[in-house]
Amino acid sequence: MSDIRFDERVVIVTGAGGGLGRTYALDFASRGAKVVVNDLGGASDGTGASASMADQVVKEISEAGGTAVSNHDSVSTPEGGESIVQTAIDNFGRVDVVINNAGILRDKTFAKLSPEELEIVLDVHLKGAFFVSQPAFRSMKDNGYGRFVFTASAAGIFGNFGQSNYGAAKMGLVGLSSVLAVEGLKYNIRSNVIAPIARTRLTEDLLGPMADNLAPECVTPLTVYLASEANENTHDIYSVGGGRFARIFVGLCPGWMAEGGAGSVVSAEDIQANLDQIRDAEGYIIPNSIADEMGLVAKAFAG
Ligand code: NAI
């Protein structure tokens with residue numbers, strides 16, 4: 001097994017001024033990467049801004065002999081996203097890796113959620129990842145190389161009380177990554193998703209006694225591996241935290257084909273009668289694109 005190195009590689013980590021992002025930035029730099037440390041430097045609810053968080057991480061990297069530059073733009077506007085990618089190109093000539101990590105919380109039960117609390121969370125997590133990834137993708141396509149890691153959450157993939165805005169944004173990132181995996185394949189661009197569990201300012205009141213075993217550094221190796229040239233996998237989702245690493249997937253079950261065959265219009269009662277078979281997970285596949293689903297539909301049509 002060879003060392004995972006990032007010499008000559010340029011890595012953007014959004015929200016790298018603290019928590020998980022800081023650990024990624026430090027690890028990438030220690031492996032030879034030139035790192036853009038982006039952070040708006042506000043509070044965990046998305047209010048405020050300050051240059052000091054990103055600047056502090058750049059200082060840490062420089063003191064350890066690494067190469068990094070800070071960027072203080074918000075990911076949540078098209079101009080911010082462009083500027084973050086331009087910072088990489090202006091300082092280091094290219095962009096090879098984007099770690100979409102910046103995030104905030106505005107938890108509220110669904111019945112009480114305001115439009116503002118929805119907007120700001122979608123803006124940072126979902127639109128923010130679009131705004132940074134799109135200019136980076138264009139550049140990676142020209143270079144014939146790229147790696148994306150998106151940060152989702154179990155709150156969206158599995159569901160969690162009081163996080164409808166956050167869960168929707170996080171599951172949206174799974175969709176975005178799946179499409180980038182398909183569109184990027186022929187350009188040697190890989191896109192994967194992590195759903196981390198870590199002790200940071202976002203979770204300090206939530207993890208209880210498990211927090212002691214959930215240092216952010218336990219998440220870092222998976223993110224760094226997925227961002228490396230060694231990783232050829234794409235379209236994946238991983239649960240990661242406290243030293244445990246596990247794949248999550250979206251599966252498609254064999255289902256039930258109406259007795260009348262292709263084009264059948266059945267009744268709601270037919271659905272009721274066949275629900276066990278429709279829901280049966282036995283024999284599922286993990287589609288890599290919509291084409292895999294259409295293949296199964298075509299097979300069912302053929303009988
Ligand atoms: P954190 O609060 O320490 O890190 C998030 C960083 O993003 C902060 O440094 C913040 O200043 C920055 N940020 C916020 N809005 C920004 C914006 N508009 N532009 C640029 N930077 C911005 O929290 P943590 O836990 O390290 O979060 C990192 C990512 O992991 C987030 O996307 C979060 O939703 C996700 N996550 C974390 C989990 C955990 O257990 N800690 C669980 C599931 C997901």
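If you're wondering where the values come from, they're calculated on a predicted model, not measured in any experiment.

Asks: Residues and numbers for the site of the ligand, please.
Replies: In the region of the ligand, 31 residues are neighbours, and Leu 20, Asp 39, Asn 101, Tyr 166 and Thr 200 sit closest. Leu 40 places a main-chain nitrogen or oxygen 3.3 Å from a nitrogen atom of the ligand. Within the contact set of the ligand, a nitrogen atom lies 2.9 Å away from a side-chain nitrogen or oxygen of Ser 74. Computed on the free molecule, the ligand has an accessible area of 810 Å², of which 96% lies beneath the protein chains in the complex.

Asks: Go over the pattern of salt bridges, please, and point to the residues and values.
Replies: Enumeration over the complete set of coordinates arrives at 13 salt bridges. Across the salt bridge formed by Arg 22 and Glu 60, the nearest N and O atoms sit 2.9 Å from each other. Within this pair, whereas Arg 22 is found in helix H1 (residues 19-30), its partner Glu 60 is found in helix H2 (residues 52-63), the two being separated by 38 residues in sequence. Glu 63 is the partner of Lys 59 in a salt bridge, and the nearest nitrogen-oxygen pair spans 3.6 Å. Within this pair, Lys 59 and its partner Glu 63 are both found in helix H2, separated by 4 residues, close to a single helical turn.

Asks: Account for the packing of H1 against H2, naming residues and giving values.
Replies: Between H1 and H2, the least distance of the axes is 10 Å, while the angle of their chain directions is 25 degrees. Between H1 and H2, the interaxial angle falls into the category roughly parallel. Note on packing geometry: the crossing formed by H1 with H2 is right-handed. In contact with Arg 22, Ala 25, Leu 26 and Ala 29 of H1, H2 contributes Val 57, Glu 60 and Ile 61. Among the residues making up the contact of H1 with H2, the classes are represented as 5 nonpolar, no polar and 2 charged.

Asks: Explain the packing of helix H4 (residues 115-143) against helix H6 (residues 164-184) to me, and be specific about the residues and the numbers.
Replies: Contact geometry for H4 and H6: axes closest at 8 Å, N-to-C directions at 15 degrees. Viewed along their axes, H4 and H6 adopt a mutual orientation that is roughly parallel. Where H4 crosses over H6, the two elements pack in a sense that is right-handed. In this structure, H4 uses Glu 117, Leu 118, Val 121, Leu 122, His 125, Leu 126, Ala 129, Phe 130, Ser 133 and Phe 137 to contact H6, whose residues at the interface are Asn 165, Tyr 166, Ala 169, Lys 170, Gly 172, Leu 173, Leu 176, Leu 180, Glu 183 and Gly 184. Each residue belonging to the contact of H4 with H6 can be placed in one class, and the counts come to 12 nonpolar, 5 polar and 3 charged.

Asks: Describe the packing of aromatic side chains, listing the residues and the values that go with them.
Replies: Centre-to-centre distance and the angle between the planes together describe a pair of aromatic rings. For the structure shown, the criterion picks out 4 aromatic pairs. On the basis of an interplanar angle of 25 degrees and a centroid distance of 6.4 Å, the ring pair of Phe 137 and Phe 148 is categorised as stacked. With a gap of 11 residues between them, Phe 137 in helix H4 and Phe 148 in strand E5 (residues 146-151) connect regions that are remote in the sequence. Just as Phe 137 is buried, Phe 148 falls in that class too.

Asks: I'd like to hear about the side chain of Ser 133, residue by residue, with values.
Replies: On the secondary structure map, Ser 133 appears in helix H4. Among the residues examined, Ser 133 registers a relative accessible area of 2% and is labelled buried.

Asks: How would you explain helix H3 (residues 78-92) if you had to name every residue and give the values?
Replies: Relative to the 21 Å expected for 15 residues at 1.5 Å per residue, H3 spans 21 Å between its end C-alpha atoms, a close match to the ideal helical length. Taken together, the buried positions of H3 are occupied by Gly 80, Gly 81, Ile 84, Val 85, Thr 87, Ala 88 and Phe 92. Buried residues of H3, viewed axially, fall in a sector of 135 degrees; they line one side. Looking at H3, the residues exposed on the side facing more than 90 degrees away from the buried face are Glu 79 and Asp 90. Against the buried residues of H3 lie strand E1 (10-13), strand E2 (34-38), strand E3 (67-71) and H4. Downstream of H3 by a residue or two, Gly 93 has a phi angle that is positive, lying close to 85 degrees.

Asks: Which residues make up the domain arrangement of the protein, and what values do they have?
Replies: When the domains of the protein are assigned, the result is domain 1 (10-248) and domain 2 (251-303). Centre-to-centre, using C-alpha coordinates, domain 1 lies 36 Å away from domain 2.

Asks: Can you explain the pairing of strand E7 (residues 237-241)? Please cite residues and give values.
Replies: Along E7, 5 of the 5 residues are buried, which leaves the element largely enclosed by surrounding structure. Taking every second residue as pointing to the same face, both faces of E7 are buried, with Ile 237, Ser 239 and Gly 241 on one and Tyr 238 and Val 240 on the other. Note that strand E6 (residues 189-196) and E7 share 4 bridges and pair parallel. Counted as the bridge partner of Ile 194 is Tyr 238 from E7. In this fold, the crossover linking E6 to E7 by way of helix H7 (residues 220-226) has left-handed handedness. With 5 bridges joining them, E7 and strand E8 (residues 244-248) adopt antiparallel strand pairing. Among the inter-strand pairings, Val 240 is bridged to a residue of E8, identified as Phe 245. Hairpin connection between E7 and E8: a loop of 2 residues separates the two successive antiparallel strands, and Gly 242 in this loop has a positive phi of roughly 60 degrees.

Quick notes on the rules
- Residues numbered from 1 in each chain as written.
- Predicted model: local features only at pLDDT ≥ 70, side-chain atom pairs only at ≥ 80, totals over all residues.
- Heavy atoms only, no water.
- Near = heavy atom within 4 Å.
- Polar contact = N/O pair within 3.5 Å; in protein donor to acceptor, adjacent residues only side chain to side chain.
- Areas by Shrake-Rupley, 256 points an atom, 1.4 Å probe, with all protein chains shown as cover.
- Salt bridge = Lys/Arg side-chain N within 4 Å of Asp/Glu carboxyl O.
- Helix = DSSP H or I, 4+ residues; strand = E, 2+ residues; numbered from the N terminus.
- Axes fitted to C-alpha atoms, helices over the stretch in contact; angles between N-to-C directions.
- Parallel < 35°, antiparallel > 145°, perpendicular 65-115°, else oblique.
- Left-handed = near helix turned anticlockwise from the far one by under 90°.
- Contact = heavy atoms within 4.5 Å.
- Nonpolar A, V, L, I, M, F, W, Y, C, P; charged D, E, K, R; others polar.
- Phe/Tyr/Trp six-rings, centres within 6.5 Å; stacked < 30°, edge-to-face > 60°.
- Buried < 20%, exposed > 50% of the residue type's maximum accessible area, 1.4 Å probe, protein only.
- Expected span 1.5 Å × (residues − 1).
- Arc of directions from axis to C-beta.
- Domains from an automatic or database assignment.
- Pairing = 2+ DSSP bridges.
- Right-handed = clockwise from strand over helix to strand, strands pointing away.

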